[in-house]
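Residue strings, one per chain:
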Amino acid sequence: MTNGWNDIKNADVVLVMGGNAAEAHTCGFKWVTEAKSGNGAKLIVVDPRFTRTAAVSDLYAPLRPGSDIAFLGGIIHYLLSNEKIFKDYVLAYTNAAFIVKEGFGFEDGLFSGYNAEKRDYDRSSWDYEYDEAGQAKLDPTLENPRCVFNLLKVHYSRYTAEMVEKTCGTPKDLFLKVCELIATTATGAKTLTSLYALGWTQHSKGSQNIRNIAIIQLLLGNMGVPGGGINALRGHSNVQGITDFGLFSNSVPGYLAMPNSKETTLEEYLKTRAFKPIRPDQMSFLQNYRKFFVSFLKAMYGKNATAENQFGFDWLPKVDVNLDTLRQFELMFQGKMNGFICQGFNPLMSVPNRKKLIAGLSKLKYLVVMDPLHTETAHFFENHGEMNDADPAKIATEVFLLPTNCFAEEEGTFTNSGRVIQWHWKAAEPPGQARTDIQIMADLFLRLKALYAKEGGKFPDPIMNVDWSYRNPAKPTADELLREINGRALADLPDPADATKPPIKKAGELMDIFAQLKDDGTTSCANWIYSGCYTEKGNMTARRDPSDPSGKGIHPNWGYAWPANRRILYNRASADPSGKAWNAKKKVIEWNGSRWAGIDVPDFGPLIDPTQKATGPFIMNPEGVGRLFTRGMMREGPFPEHYEPFESPVANPFHTKVQSNPVARVFKGDLEVFGKSEDFPYVATTYRLVEHFHYWTKHAKMNAVLQPELFVEIGEQLAKDKGIASGDMVEVSSNRGRIKAKAVVTKRIRPLVCDGKPVHIVGIPIHWGFIGATKKGFGANQLTPYVGDANTETPEYKAFLVNIKRIGPAA
Ligand SMILES: Nc1nc2c(c(=O)[nH]1)N[C@H]1C(S)=C(S)[C@@H](COP(=O)(O)OP(=O)(O)OC[C@H]3O[C@@H](n4cnc5c(=O)[nH]c(N)nc54)[C@H](O)[C@@H]3O)O[C@H]1N2
Ligand SMILES: Nc1nc2c(c(=O)[nH]1)N[C@H]1C(S)=C(S)[C@@H](COP(=O)(O)OP(=O)(O)OC[C@H]3O[C@@H](n4cnc5c(=O)[nH]c(N)nc54)[C@H](O)[C@@H]3O)O[C@H]1N2
Ligand SMILES: [Mo]
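Every chain's residues receive numbers from 1 upward, in the order its sequence appears when written. Chain letters start at A and ligand numbers start at 1, both assigned in the order the entries are written. Confidence filtering applies because this is a predicted model: local features only for residues at pLDDT of at least 70, side-chain atom pairs given and counted only at 80 or more, and all residues used for totals across whole chains, interfaces and linings. To get the side-chain values, all heavy atoms of the structure are used, and hydrogens and water are removed first.

Some remarks on the sheet that holds strand β31 (residues 761–765)
Moving on, step 1. In short, DSSP must find at least two bridges between two strands for them to pair. Under the scheme used here, helices are H or I runs from DSSP no shorter than 4 residues and strands are E runs no shorter than 2 residues, and both carry numbers assigned from the N terminus. Overall, mixed pairing links the six strands, which are arranged β25-β31-β26-β28-β27-β33 in a closed barrel. Neighbouring strand axes in the sheet, compared pairwise and without regard to direction, differ in orientation by 45° on average.
Moving on, step 2. Two elements, strand β26 (residues 711–715) and β31, share two bridges in a ladder whose sense is antiparallel. What sits directly across from Glu713, in β31, is Gly763. Whenever a helix is involved, its axis is fitted only over the stretch in contact; in every case the axis is a line through C-alpha atoms, and angles between N-to-C directions fall within 0 to 180 degrees.

Remarks on the sheet that holds strand β15 (residues 412–415)
Moving on, step 1. Read across the open sheet, the three strands follow the order β15-β16-β21; overall the sheet is antiparallel. The open sheet has two free edges, formed respectively by β15 and β21 (560–561), since each of these has just one partner strand.
Moving on, step 2. Pairing between β15 and strand β16 (residues 420–424): four bridges, direction antiparallel. If you follow Gly412 over to β16, its bridge partner there is His424.

So, the site of ligand 2
Moving on, step 1. What surrounds ligand 2 is a group of 26 residues, the closest being His236, Asn346, Asp371, Trp696 and Asn781.
Moving on, step 2. Definition of a polar contact: a pair of N or O atoms within 3.5 Å, with one able to donate and the other able to accept a hydrogen when the atoms are protein atoms, and with sequence-neighbouring residues admitted only if both atoms are side-chain atoms. At 2.9 Å, a side-chain N or O of Arg688 approaches a nitrogen atom of ligand 2.
Moving on, step 3. A total of 910 Å² of accessible area belongs to ligand 2 in isolation, and the protein chains cover 88% of it.
Moving on, step 4. Residues are sorted three ways: Asp, Glu, Lys and Arg are charged, Ala, Val, Leu, Ile, Met, Phe, Trp, Tyr, Cys and Pro are nonpolar, and all the rest, Gly among them, are polar. Classifying every residue of the shell around ligand 2 gives nine nonpolar, 13 polar and four charged. We call a residue near a molecule or strand when any one of its heavy atoms sits within 4 Å of it. For every accessible area listed, the method is Shrake-Rupley and the probe measures 1.4 Å; residues are considered covered only by the protein chains on display.

Things to note about the pattern of salt bridges
Moving on, step 1. By convention in these notes, a salt bridge is any Lys or Arg side-chain nitrogen within 4 Å of a carboxyl oxygen on Asp or Glu. Applying the stated criterion across every chain, the model contains 41 salt bridges.
Moving on, step 2. Where Asp120 meets Arg635, a salt bridge forms, and the shortest distance between an N and an O atom there is 3.9 Å. Within this pair, whereas Asp120 is found in strand β7 (residues 120–121), its partner Arg635 is found in the loop between β23 (596–598) and β24 (665–666), the two being separated by 515 residues in sequence.
Moving on, step 3. For every residue, the accessible area (1.4 Å probe, protein chains only) is compared with the maximum for its type, and the residue is labelled buried under 20%, exposed over 50%, or partly exposed between those bounds. According to the relative accessible area criterion, Arg635 is partly exposed, its value standing at 30%.
Moving on, step 4. Counted as one network, the salt bridges with shared partners bring together Glu23, Arg52 and Glu691.

Considering the packing of aromatic side chains
Moving on, step 1. Here a pair means two rings of Phe, Tyr or Trp (six-membered ring of Trp) with centres within 6.5 Å. Their orientation is stacked below 30 degrees between planes, edge-to-face above 60, and tilted elsewhere. A complete count under the given rule lists 47 aromatic pairs for this structure.
Moving on, step 2. Arranged with centres 4.9 Å apart and planes meeting at 65°, the rings of Phe86 and Trp582 form a pair that is edge-to-face. Here Trp582 lies in the loop between β21 and β22 (589–591) and Phe86 lies in the loop between α3 (68–81) and α4 (87–93), a separation of 496 residues in the sequence.
Moving on, step 3. Given a relative accessible area of 10%, Phe86 falls into the buried group.
Moving on, step 4. Considering the side-chain rings of Phe285 and Trp528, the 5.9 Å spacing of their centres and the 70° angle between planes classify their relative orientation as edge-to-face. Highlighted residues: Phe285 in the loop between α11 (266–273) and α12 (289–301) and Trp528 in the loop between β18 (523–524) and β19 (534–535), separated in sequence by 243 residues. As far as burial versus exposure is concerned, Phe285 and Trp528 are alike and both buried.
Moving on, step 5. Its end group placed over the ring of Tyr687, Arg49 keeps NZ or CZ at 3.4 Å from the ring centre. Placement of a charge over a ring requires the Lys NZ or Arg CZ to be within 6 Å of the ring centre, with the centre-to-atom vector within 35 degrees of the ring normal.

Considering the UniProt feature "domain: Molybdopterin oxidoreductase" (unreviewed entry) in the protein
Moving on, step 1. UniProt positions are given in the numbering used here, feature names are shortened, and annotations may be inferred rather than shown by experiment. UniProt annotation of "domain: Molybdopterin oxidoreductase" (unreviewed entry) refers to residues 2–380 and 401–444 when read in the numbering used here.
Moving on, step 2. Taken end to end, residues 2–380 is 35% helix and 12% strand, and its two terminal C-alpha atoms sit 39 Å from one another.

Things to note about the packing of α3 against helix α9 (residues 206–219)
Moving on, step 1. Relative orientation of the contacting elements α3 and α9 amounts to 15°, with a least axis distance of 9 Å. By the angle between their axes, α3 is roughly parallel relative to α9. Judged by the twist between their axes, the crossing of α3 over α9 is left-handed. Touching Asp68, Ile69, Leu72, Gly73, Ile75, Ile76, Leu79 and Leu80 of α3 are Gln208, Asn209, Asn212, Ile215, Ile216 and Leu219, all from α9.
Moving on, step 2. Split into classes, the residues belonging to the contact of α3 with α9 amount to nine nonpolar, four polar and one charged. Note that the term roughly parallel is reserved for angles under 35 degrees, roughly antiparallel for angles over 145, roughly perpendicular for angles of 65 to 115, and oblique for everything else. Left-handed is the label given to a crossing in which the near helix is rotated counterclockwise from the far helix by less than a right angle, and right-handed is the label when the rotation is clockwise. Any two residues having at least one pair of non-hydrogen atoms within 4.5 Å are treated as being in contact.

What to know about the side chain of Glu709
Moving on, step 1. Note on placement: Glu709 falls in the loop between α20 (701–706) and β26.
Moving on, step 2. Its relative accessible area of 19% is what places Glu709 among the buried residues.
Moving on, step 3. For Glu709, the side chain forms a polar contact with the side chain of Lys742, separated by 2.9 Å.
Moving on, step 4. Not counting residues within four places of it along the chain, the set of residues in contact with Glu709 comprises Lys742, Trp768 and Lys775.

Observations regarding the nonpolar core
Moving on, step 1. Residue types Ala, Val, Leu, Ile, Met, Phe, Trp, Tyr and Cys, when buried and joined through side-chain atoms within 4.5 Å, form a set referred to as a nonpolar core. In terms of nonpolar packing, the biggest core is built from 78 residues, with Phe71, Ile75, Phe149 and Leu219 touching the most fellow members.
Moving on, step 2. With nine residues, the single largest contributor to this core is α3.
Moving on, step 3. Ignoring anything within four residues of it in the chain, the contact list for Leu219 reads Ile76, Leu80, Ile85, Phe86, Val90, Phe149, Leu152 and Leu628.
Moving on, step 4. One finds Phe293, Ala526, Tyr530 and Ile568 within the second-largest nonpolar core, a separate group that totals 57 residues.

Below, the structure written as structure tokens:
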């Protein structure tokens, strides 16, 4: 989230699209209720199904799964062609005026630089024009046809309301009502907040859905202001935390990059990562990349990391590809992986294409499962008929179960969607042999180290040199780890302003903030963005002061929000270039003549005088402004473009040559098992129910009683066509497998007319398996396709093709 949960109450319009917050974020959804009752906010819901969120909306619009880019592109077209944008904001705080270099183009569904054989782009033409000093060229008059604003207009000119209706199946009038309501926030007096989750991400072009809303929010001037922003509602209680700590195999904590094999020295690595501003006066947190990275290496290797050995740079793995979920299981499937440690992960249930998963897991020599529960993955080799079609006689994988406790049986932190790190206390002892994940990993580490010490080995250094100076090496505590994450001085740190004064930190003292970190090995910090969460004043994440002095939901003394306890990111953009709030009602910080002051922690240097320096508010970008056009970052193009899901019932209405995302993550064998609409005419989508949490709560009797068995949802017309009555047993098949379930016939799912043709939707909840207190059930991922987003590899769980038939009365 760029803003935060409590901030939602400040919104005037709430867009829930690509999520079902009332069911999946029941607690956080109360802030939408607050916005409605306290602020008179209007709620818009756009979802293929009439959800429980839709049930309390002011405006609901259905759309075909996988067509959001067309819908959002339509909104952009509406805002641009009706001049419903916040022009001053757009000029000052976006790259609208930046001139794009010659050579960039878009034709027949492809941007310049496409290589069909590699299924990838040469992205070098997706860039600005630069002057001799390396600064980007601008045309503030917006007359240059190659400035971003004009290219944006041309790109989205095709996204008319008629095209939206044709592509998404959303009636044109309804779509225009959504546009009108969103456009009410274009003045600076009102704000729109966007809440999304998997309905946007689980697509072969999911990240471009998010790019679309970024463009919309920038055009409306809704970034950096209360009740605005782009708010990803995260999944598990600490999934924001794992992302912050390097979830991707090619990153290290704090969104820094894992070095690759071409970066053979620390200097070479830092050279490519260094921050190069492309506008005068632009500053960035990332100017301090070297300080953050060296401090990270010091946290990893402690005293063993010295300037002479490049602070242990050689001991870090060098990673050339991001081995994300799809690539990992593809490797396993190809038999190129012999062991797998599965910690708090039930991939047999959660990864697409069960058949492929069973085949992959069967090729392992060993599988380690660390989990408090028995999971289907740990029992993948069992035969449960069609529900899990494995042949134990043919599987030699050795499975080890290491029981862990659950969160309530240990202390630690959760980082919520709003970036607020919150300490939690231990409430009970773990049962039986269960141990904490930390203890298990510490044990594993110490045994490996002992083995290396005894036997040597090819390259023991990365293990032998790790700093493990915990009071009890077998049981590092969460408290010790959080201090290590926060960072500390390893020597006395002189005052940078006046070296004759006492040091700002004595050796051993905890850091106050990442700005104090050093690149000479005199500080350590495991994750720079968390620096400040545990200082000499104590554990900031354990703070529980609910006060909200401004009444704007800032709560500065509740937990600790990264970075720097800032609750609204980019809050500099809430004020105009001279430093005055665009709108007094939406004020966050203002320049008072000598410093930035207001209700939240200012976004950058509290002393940067806006009348002297034109530092832009989007300080993570070298251009300092928000991007309507993304240079070479996104793999499928600098502007989002509508591509069809890999399995789709319609031809791409926007261009005939390119049907689906031309750079999506897909493997050869999987291309062959995509189904055709002749055989699988219906669009399926998968989702959660409020009564279950994934595959855990089926172990709990209460939840099992509430939702005892798998069902699929279909609309009344499809039910009639297929002779299916509510409660009948049906078989749903895709080109990869079949499931059997009870049918629920509902008015909540309606056929959508796309290009004159009705498209029927089959809804499949995800929560059942062959273990637990519920009835045994098939899993949605016995059907889903093995294809993912080009940037994140998130699988396309939300739009694929199936067939459905009645197989009998209720079982
Ligand atoms: N009760 C409960 N809460 C949970 C979870 C749980 O298992 N149970 N899981 C947690 C986790 S890990 C996560 S990631 C979040 C997920 O939170 P959500 O993303 O909100 O959950 P989903 O139910 O997967 O999907 C949301 C909605 O997307 C819609 N949808 C499907 N396809 C499309 C599409 O193409 N476009 C649009 N606009 N919408 C589409 C579905 O109809 C569904 O209503 O929930 C978290 N909260
Ligand atoms: N078709 C389809 N597939 C999906 C999705 C979808 O919408 N549709 N959603 C996807 C999403 S967003 C997600 S997040 C995944 C979820 O997929 P998984 O993460 O694989 O599923 P969970 O059941 O949440 O598995 C987490 C496991 O962690 C265990 N656990 C709980 N606490 C602890 C702990 O403290 N330590 C350890 N070691 N283990 C613990 C639980 O018992 C559980 O078995 O599913 C994905 N798959
Ligand atoms: Mo998730």
